[in-house]
Amino acid sequence: KGAGYFSLAKLIENILLDIVNSLGIFREFVRGDSESCHRINHRVVEIYDEISNEINRLEQPPQEIQAWTASAILAIKRNAMKPQNNVLMDKFEKGLLEKKSLKISRYQ
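Residues numbered from 1 in each chain as written. Predicted model: local features only at pLDDT ≥ 70, side-chain atom pairs only at ≥ 80, totals over all residues. Heavy atoms only, no water.

Student: Describe the packing of helix α1 (residues 6-23) against helix α3 (residues 91-98), and please don't skip the residues or the numbers.
Tutor: Each pair of packed helices can be summarised by the angle the axes make with each other and by the distance between the axes. The interhelical angle for the contact between α1 and α3, taken along N-to-C directions, is 35 degrees, at an axis separation of 9 Å. Side by side, α1 and α3 meet where F6, S7, L8 and L11 of the first sit next to E93, L96 and L97 of the second. Counted by class, the contact of α1 with α3 contains five nonpolar, one polar and one charged residues. (Axes fitted to C-alpha atoms, helices over the stretch in contact; angles between N-to-C directions. Helix = DSSP H or I, 4+ residues; strand = E, 2+ residues; numbered from the N terminus. Contact = heavy atoms within 4.5 Å. Nonpolar A, V, L, I, M, F, W, Y, C, P; charged D, E, K, R; others polar.)

Dropping the structure here:
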């Protein structure tokens with residue numbers, strides 16, 4: 001029996017595919033907020049950390065195409081053609097997937 005959160009991984013794959021399909025482009029940074037549509041970051045958000053005396057960047061506009069995004073989409077599409085095993089979810093994974101606050105039902 002393999003270890004891992006396969007249902008959560010599949011959910012993330014579905015979200016990534018939806019982002020690429022709905023925007024029609026590969027983008028590195030898409031906002032992770034609770035909006036029902038996907039939005040690209042157009043701003044730079046930085047905060048100053050007084051403890052470490054450093055500026056931390058929280059948001060930035062995307063680069064046009066990132067190779068990891070294109071290769072991830074290719075891998076997701078290739079794996080979608082393979083037969084899927086029914087994997088039992090553990091209690092933690094099931095609890096996360098059932099949270100209403102995640103607003104992920106359209107991807108499941």
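Student: Describe α1, naming the residues involved and giving the relevant values.
Tutor: With 18 residues, α1 extends 26 Å from end C-alpha to end C-alpha; this agrees with the ideal 26 Å at 1.5 Å per step. Within α1, the full set of buried residues consists of L8, L11, L16, L17, I19 and V20. Tucked inside the fold, the buried residues of α1 contact α2 (67-80) and α3. (Expected span 1.5 Å × (residues − 1). Buried < 20%, exposed > 50% of the residue type's maximum accessible area, 1.4 Å probe, protein only.)

Student: Explain the nonpolar core residue by residue, including any values.
Tutor: Nonpolar side chains in soluble globular proteins tend to end up buried together. Within the largest apolar cluster, five residues are counted, these being L16, L17, V20, I73 and I76. When contributions to this core are tallied by element, the ones reaching two or more residues are α1 and α2. Sorting elements by how many residues they give to this core places α1 first, with three residues. With sequence-adjacent residues up to four places away left out, L17 is seen in contact with I73, I76 and K77. (Core = buried A, V, L, I, M, F, W, Y, C linked by side-chain atoms within 4.5 Å.)

Fair warning: the whole summary comes from geometry, so function is off the table for now.
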